[in-house]
Every structure is written in structure tokens, then in C-alpha cells.
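Structural overview for review
As a plain string of letters, each chain reads:
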Amino acid sequence: MNNHADCIFCQIVRGEAPSFSLCQDEQALAFMDIFPVAPGHVLVITREHFENIFEASDDSLRAVAAMSKRLAQAIRTQLAPEGLGVFQLNGAAAGQTVFHYHQHLIPRSGGDSLQLHSRVRGNDGELVALSRKLAAAL
Ligand code: 5GP
Ligand code: ZN
């Protein structure tokens, strides 16, 4: 199920790689993106390894959508961004870089570029503070 040894998100699911965790249930989990495009950039992933939307089960997609909504409300309560982007990429040609199904939640302000990725790793102290702040509103 999560035995894709080389998949970083499977390693996070198994607890073998660290993450700034937010919440989890039987089919989905959420944590901070460590290369945030904006403060509060969150990833919601399927617990099971599916490469993309074409492979993912309907139940897993529903679980990710429901968890994304809870996280969206927590982001709105705690960070009050002007807007919130929810997006999901399928295939390298679409910009997908981790081939385990996930959805991005990105707080946005008017005038932001439509940047989907950052090369700058987030500061650990800021990531842990944001994860606690968001988790407190779940
Ligand atoms: P994709 O391009 O596949 O839609 O997005 C993959 C996301 O995963 C990127 O935003 C990237 O910053 C994030 N990412 C890559 N490796 C790690 C990691 O080890 N931990 C976390 N939390 N996020 C990661
Ligand atoms: Zn995986």
C-alpha cells in the first residue's frame, strides 16, 4: 500500500521521513510543504500510493477533498489570506514533481504571481509555528 520505497510521501506516511504534520485519517493526511510558495502552503495527500488523479480511488479523492476543506477553513481562520489557491498537478508536463497524489492549498494575495513551486526551503521554526497555528483551528 505504502511500500514505494523511493516515494518521499510514502516515507512520510510510514513515519520514516519527518514532516510538519497537521492531521490525518484513514485515507488522507496533511502537512506543511517544506518549500512553501507562501506562508501556510499545505499539502493534502492520499494515504495510499496513487501516482495521479487517474489512478486514485474515488474514496481517497473524497477524503482528500474533505480534509482540504477543513484545512482551508483553518487557513482562513488563522491566516486570513485574501484568497486561497487549491491545485493539483498530473504528469511531469503539468509540473508534477512528486508522483504520489496530493493537493496544494496556497494562501494568496492580490498581485501574487501564479508561482506553483519554490526552490527556497522554509525555515523550520516558521513551519512548526504555522503547523501548530493551523492544527489549533482544526
Ligand atoms: P508537485 O510539483 O508534485 O505538485 O508538488 C510537490 C510538492 O511537494 C512541492 O511543492 C514540494 O515543495 C513538496 N515537497 C517535496 N519534497 C517534500 C518533502 O520532503 N516534504 C514536504 N513536506 N514537501 C515536499
Ligand atoms: Zn507514495
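I will try to describe carefully the structure that is included in this document. As the structure is a prediction and not an experimental result, all values here were calculated from the model. (Residues numbered from 1 in each chain as written. Chains lettered and ligands numbered in written order. Predicted model: local features only at pLDDT ≥ 70, side-chain atom pairs only at ≥ 80, totals over all residues. Heavy atoms only, no water.)

A word on the overall build of the chain
- Helix and strand counts for the chain stand at three helices and five strands.
- The linear arrangement of helices and strands in the chain, starting from the amino end, is α-β-β-β-α-β-β-α.
- For 138 residues, the compact-globule formula gives about 14 Å, and the C-alpha radius of gyration of the chain, at 14 Å, lands near that figure.
- Along the three orthogonal principal directions, the C-alpha set of the chain runs to about 35 × 30 × 25 Å.
- Per-residue burial for the chain yields a buried fraction of 42% across its 138 residues. (Helix = DSSP H or I, 4+ residues; strand = E, 2+ residues; numbered from the N terminus. Rg over C-alpha atoms; globule rule 2.2 N^0.38 Å. Buried < 20%, exposed > 50% of the residue type's maximum accessible area, 1.4 Å probe, protein only.)

Considering the sheet that holds strand β2 (residues 28-32)
- Reading across the sheet, the five strands line up as β1-β2-β3-β5-β4 and stay open at both edges, with antiparallel pairing between neighbours. The sheet is open, and its two borders are formed by β1 (21-24) and β4 (83-87), each paired with just one other strand. When strand polarity is set aside, the average angle formed by the axes of neighbouring strands in this sheet is 15°.
- Bridging between β1 and β2 involves three bridges; their strand directions are antiparallel. Note that in β2 the partner of Ser21 across the bridge is Phe31. (Pairing = 2+ DSSP bridges. Axes fitted to C-alpha atoms, helices over the stretch in contact; angles between N-to-C directions.)

Describing the site of ligand 1
- Within the structure, ligand 1 sits among 17 residues, and Asp33, Thr97, His102, His104 and His117 are positioned closest to it.
- In this structure, Val98 approaches ligand 1 through a main-chain N or O atom, which is 2.9 Å from an oxygen atom.
- Here an oxygen atom of ligand 1 and a side-chain polar atom of His102 are 2.9 Å apart.
- Protein coverage of the free-state accessible area of ligand 1, which is 520 Å², stands at 90%.
- Taking a 2 Å distance to the grid points as the criterion, the majority of the atoms of ligand 1 fall inside the largest pocket.
- With three residues, the top contributor of residues to the shell around ligand 1 is helix α1 (residues 8-13).
- Along the lines of polarity and charge, the residues of the shell around ligand 1 split into ten nonpolar, six polar and one charged. (Near = heavy atom within 4 Å. Polar contact = N/O pair within 3.5 Å; in protein donor to acceptor, adjacent residues only side chain to side chain. Areas by Shrake-Rupley, 256 points an atom, 1.4 Å probe, with all protein chains shown as cover. 1 Å grid on protein atoms, 1.4 Å probe; cavity = no way out; pocket = protein on both sides within 12 Å on 5 of 7 lines; lining within 4 Å. Sits in = over half its atoms within 2 Å of the grid points. Nonpolar A, V, L, I, M, F, W, Y, C, P; charged D, E, K, R; others polar.)

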